[in-house]
Amino acid sequence: MEVVLAKTSGFCFGVKRAVDTVYEQIDKAGKTGDIYTYGPIIHNEEVVRDLENKGVRVLNSKEELEQLSMGCVIIRSHGVSKDVYELIEKKGLVCIDATCPFVKRIHKIVEKESGNGRQIIIIGNDGHPEVEGIKGWSKTSAIVIESPEQALKFDAKKDEKLCIVSQTTFNYKKFQDLVEIFRKKGYDIIVANTICNATEERQREAVELAARADVMIVIGGTHSSNTRKLYELCQSECENTYYIQTLEDLQLELPNSVELVGITAGASTPNKIIEEVQNYVRINF
Ligand code: SF4
């Protein structure tokens, strides 16, 4: 029996970089280093708990940041608005910036083009931390659009200049459709496709693997929407698809006829859990 682990399973480049940054900081500073992350570094309770045990605390708001008088603040891969950097500096704290470079690129575009007088349109989900961070780099108030209805409703002077960017995880097809609505309105538009293909690649590889596999295992938190999506996609290709959080949830009974077991994992699933599942299946079947 063959066991194949999808190459794109687990942390994407930006999340891995951010999580590694925190662990590196712990190694450098030790338990008394007053290390904070601005928001949980990743949507994975186990990792956040492990970091807490190592002395890392999570700041949930600007008010909590305001209370600090010393220590180092790590910015997670989603990035933050410009005023958070300014507050960190004003408070005399050390800033370790683990913003994903793909998100940083959006900040730069937004800052520059809003400075050139363009109205910033962010295609994405309002309220998502990444979108909130992007908004905070626009010199004028940015507008977030996530549906065709909102795009159709958008109304500005005919000579208005726009710059459209996207949340990195937005669906490419939906992004194109929304951009098209703006184009038809005849504005002077700059479009920056800032979608990151990590999610899409992970999904594509999972579907390909599931189509070949007799059994498919998808690992990730129950609240992780990208893991649920992976599960649904895999299940449509392979009816024996299991959704587990950790090895403890795995109750596999494999008949002799099984030739290929595929494994993939959501973006916030730590490598350790993926390894444990993979080793268990390899050794026991
Ligand atoms: Fe990961 Fe892409 Fe987001 Fe960066 S932009 S954190 S690589 S999904």
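Cut-offs used in this document
Residues numbered from 1 in each chain as written. Predicted model: local features only at pLDDT ≥ 70, side-chain atom pairs only at ≥ 80, totals over all residues. Heavy atoms only, no water. Domains from an automatic or database assignment. Helix = DSSP H or I, 4+ residues; strand = E, 2+ residues; numbered from the N terminus. Buried < 20%, exposed > 50% of the residue type's maximum accessible area, 1.4 Å probe, protein only. Polar contact = N/O pair within 3.5 Å; in protein donor to acceptor, adjacent residues only side chain to side chain. Contact = heavy atoms within 4.5 Å. Core = buried A, V, L, I, M, F, W, Y, C linked by side-chain atoms within 4.5 Å. Expected span 1.5 Å × (residues − 1). Arc of directions from axis to C-beta. Near = heavy atom within 4 Å. Nonpolar A, V, L, I, M, F, W, Y, C, P; charged D, E, K, R; others polar. 1 Å grid on protein atoms, 1.4 Å probe; cavity = no way out; pocket = protein on both sides within 12 Å on 5 of 7 lines; lining within 4 Å. Points joined across faces, edges and corners; volume = space filled by probe spheres on them.

Asker: Got a minute to help me understand the domain arrangement of the chain in this structure?
Answerer: Interfaces are often described in size by the accessible area the parts lose on coming together. Here the chain is described as being made up of domain 1 (2–10 + 197–284), domain 2 (13–100) and domain 3 (102–191). The C-alpha-based centres of domain 1 and domain 3 are spaced at 35 Å.

Asker: Where do I start with the side chain of threonine 99 in this structure?
Answerer: Looking at the secondary structure, you find threonine 99 in the loop between strand E5 (94–97) and helix H5 (101–115). Judged by its relative accessible area of 3%, threonine 99 is buried. A polar side-chain atom of threonine 99 sits 2.5 Å from a polar atom in the side chain of aspartate 97. Contacts of threonine 99, omitting those with residues within four sequence positions, involve Arg17, Ile75, Arg76, Ser77, Gly79, Tyr85, Lys104 and His107.

Asker: Any chance you could explain the nonpolar core here in plain terms?
Answerer: Among the nonpolar cores identified, the biggest contains 26 residues, and Leu65, Val73, Ile122 and Val165 are the most heavily contacted of them. No other element matches helix H4 (residues 82–90), which puts four residues into this core. If you count residues domain by domain, this core takes at least three from each of domain 2 (13–100) and domain 3 (102–191). Those residues in contact with isoleucine 122 that lie beyond four places of it in its chain are Val131, Ile134, Lys135, Ala142, Ile143, Val144, Ile145 and Val165.

Asker: Any chance you could explain helix H8 (residues 172–184) here in plain terms?
Answerer: Note on helix geometry: an α-helix contains 3.6 residues per turn, so any two residues three or four positions apart are oriented the same way. The terminal C-alpha atoms of H8 lie 19 Å apart, and with 13 residues this matches the ideal 18 Å at 1.5 Å per residue to within 8%. The set of residues buried in H8 consists of Phe175, Leu178, Val179, Ile181 and Phe182. Along H8, the residues classed as buried sweep out an arc of 150 degrees about the axis, all on the same side. Away from its buried face, by an angle of more than 90 degrees, H8 presents the exposed residues Lys173 and Lys184. For H8, the capping residue at the N-terminal end is asparagine 171, with a side-chain oxygen 3.0 Å from the backbone nitrogen of lysine 173. Glycine 186 occupies a position one or two residues after H8 and carries a positive phi of about 80 degrees.

Asker: What is the right way to read the environment of tyrosine 242 from this model?
Answerer: Checked against the element boundaries, tyrosine 242 lands in strand E11 (residues 241–244). When its relative accessible area of 27% is taken as the criterion, tyrosine 242 is described as partly exposed. With residues up to four places along the chain from it excluded, the contact list for tyrosine 242 reads Val215, Met216, Ile217, Val218, Tyr231, Gln251 and Leu252.

Asker: Would you explain the site of the ligand in this entry?
Answerer: Around the ligand, the surrounding shell consists of Cys12, Gly14, Ser77, Cys100, Phe102, Thr168 and Cys196. Split by residue class, the shell around the ligand holds four nonpolar, three polar and no charged.

Asker: Which parts of the structure should I look at to understand empty space enclosed by the protein?
Answerer: Empty space among the atoms becomes visible once a probe the size of a water molecule is rolled across them. Summed over the entire model, instances satisfying the criterion amount to one cavity of 30 Å³ or more. Size it by volume and the largest cavity reaches roughly 40 Å³. Every residue lining the largest cavity is listed: Thr37, Pro40, Ile41, Val48, Leu51, Glu52, Val56 and Val58. Of all the elements in the fold, those that place two or more residues in the lining of the largest cavity are helix H2 (45–53) and strand E3 (56–59). The biggest single contributor to the lining of the largest cavity is H2, with three residues.

Asker: Would you take a moment to explain helix H11 (residues 271–284) for this structure?
Answerer: Over its 14 residues, H11 runs 20 Å from end to end, which matches the ideal 20 Å to within 8%, given 1.5 Å per residue. Taken residue by residue, H11 has Ile273, Ile274, Val277, Gln278 and Val281 as its buried positions. Seen end-on, H11 carries its buried residues on one side only, within an arc spanning 130 degrees. Those residues of H11 that are exposed and aimed more than 90 degrees away from the buried face are Asn271, Lys272 and Ile283. Elements in contact with the buried residues of H11: strand E1 (2–5), H2, strand E10 (215–219), E11 and strand E12 (260–265).

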